[in-house]
Amino acid sequence: MATGSLKLAQEYAKDAQKASKGSWFSKPEWDTAAQYWDKAATSYKTALHFEEAIDCHAKASDAFTKVNALYLAAKGYENAAILAEKQLKDHSKAVTYYCKSSDMFRSQGSSPDRAAEMLEKAAKICEDVDTDQAIQLYDAALGIYETEDRGRFSMGTFKKLTSYLIEKNRLSEAADAQMRLYAVCEQINNRYEGNKCCLAVIVLLLAFGDNVAASKRMDEFGQSVSLLHSNEFALADQLLQAYTNGDQEEFVNIARSQKVSFLDSSISRLAVKTRVPGAARVEQAAPYQAAIPKGAATSSSAHTTPAPSAVSQNNGSTVPPAPLVDDDDDLL
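What counts, and at which threshold
- Residues numbered from 1 in each chain as written.
- Predicted model: local features only at pLDDT ≥ 70, side-chain atom pairs only at ≥ 80, totals over all residues.
- Heavy atoms only, no water.
- Helix = DSSP H or I, 4+ residues; strand = E, 2+ residues; numbered from the N terminus.
- Expected span 1.5 Å × (residues − 1).
- Contact = heavy atoms within 4.5 Å.
- pLDDT = per-residue confidence, 0-100.
- Axes fitted to C-alpha atoms, helices over the stretch in contact; angles between N-to-C directions.
- Nonpolar A, V, L, I, M, F, W, Y, C, P; charged D, E, K, R; others polar.
- Parallel < 35°, antiparallel > 145°, perpendicular 65-115°, else oblique.
- Left-handed = near helix turned anticlockwise from the far one by under 90°.
- Buried < 20%, exposed > 50% of the residue type's maximum accessible area, 1.4 Å probe, protein only.
- Polar contact = N/O pair within 3.5 Å; in protein donor to acceptor, adjacent residues only side chain to side chain.

Trainee: It is not clear to me how helix H7 (residues 131–147) should be interpreted in this structure. Could you clarify?
Mentor: Each turn of an α-helix holds 3.6 residues, which means side chains three or four residues apart point in the same direction. In this model, H7 (17 residues) spans 24 Å end to end at C-alpha, consistent with the 24 Å of a helix rising 1.5 Å per residue. Structurally, H7 contributes buried residues whose contacts are with helix H5 (91–108), helix H6 (112–126), helix H8 (155–167) and helix H9 (171–187). Of the residues one or two after H7, Asp149 is the one with positive phi, at around 55°.

Trainee: Just checking my understanding: could you explain the confidence of the model for the protein chain for this structure?
Mentor: Where the model shows low pLDDT, its predicted coordinates should not be examined in detail. Averaged over every residue, the pLDDT of the protein chain is 87; residues scoring 70 or more account for 83%. Across residues 280–332 the pLDDT falls below 50, and counting only partners more than four positions away or on other chains, this stretch makes 22 contacts in the model.

Trainee: Can you help me understand the packing of H8 against helix H16 (residues 265–273) in this one?
Mentor: The angle between the axes and the distance between the axes are what describe a pair of packed helices. Taken N-terminus to C-terminus, the directions of H8 and H16 make an angle of 35°; their axes are 9 Å apart at the nearest point. For the pair H8 and H16, the contacting residues are Thr162, Ser163 and Ile166 in the first and Ser266, Ile267 and Leu270 in the second. A class-by-class count of the residues in the contact of H8 with H16 yields three nonpolar, three polar and no charged.

Trainee: Explain the packing of H9 against helix H10 (residues 191–208) here, please?
Mentor: Where H9 contacts H10, the axes come no closer than 9 Å and their chain directions differ by 165°. One way to sum up the angle between H9 and H10 is to call them roughly antiparallel. As H9 runs across H10, the sense of the crossing is left-handed. For the pair formed by H9 and H10, the contact residues are Leu171, Ser172, Ala174, Ala175, Gln178, Met179, Leu181, Tyr182 and Cys185 on the first element and Glu193, Gly194, Cys197, Ala200, Val201, Leu204, Leu205, Ala207 and Phe208 on the second. Considered class by class, the residues forming the contact of H9 with H10 number 14 nonpolar, three polar and one charged.

Trainee: In this structure, what is going on with the environment of Ser102? I would like to understand it.
Mentor: Within the fold, Ser102 resides in helix H5. By relative accessible area, Ser102 is classed as buried at 3%. For the pair Ser102 and Met118, spaced 16 residues apart in the sequence, the C-alpha separation amounts to 5.4 Å. In contact with Ser102, not counting residues within four places along its chain, are Ala115, Met118, Leu119 and Ile144. Within polar-contact distance, the side chain of Ser102 engages the backbone oxygen of Ala115 at 2.8 Å.

Below you can see the structure in the form of structure tokens.
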């Protein structure tokens, strides 16, 4: 079957080349060529000749573009990207074709969501190999949602970008992403998600160690009457106060509250792990030891404090040592 499919694919490819060239008396028949390239790609895939299948999908898309069949061109590039990603593991080629597919979907005019989806797939591929490119592709996908007035469909992409930035310890950029999401929530009147963005921004800025920027953001958030009276705003303010006061215990208690746990898992975990200024140094400080004079004996017996003993009185009688008392005045 593979041999028959390969022979058929080669025949389709020859027909496609012929239709693409035209003649002295006729122009190239791009519509016909595109269909033959598409058939050749399918047959090559059946024959497990994936490199040739990818090339034919790309040529079919080029031909579809000539006749302004942009949706079909986008699909062809997407098919080429999928084969490059899944079968050849050629991430560079896959990213290139996903980006071309995105351009076609967007040029077609009625598929901005699909255009953004292609960029997300490209970004996912780049996550482990090129951090900056992955972030740029996620940002480009969000730009499509924002400019095409499709903000309500961008929530998932914002979450992916924020989680990825946290994973790469780029917390300031993660806070910026959440501020963009907050602006989208304001536009579509999604108060629930907007309130969560407020709390997430403060958590991220404090985890980054920038309480000054966190304080400025709180001032901005306070301009919204609905947000000002929300539980998320109150918690964000409490976190900021605990951080500013250096109260690690209070900060962690607030970070473990239910409202914080409702944030995305990467943000809620970050909140609990955040160290307030000085807290880590206090916990790691060595216990106090009295200075040892130069030349003093170093054996443990030389520095052991003698246990309380009975005290002799002038009349020869003894008085027992006073009992040790804890904070609750109970005998130890």
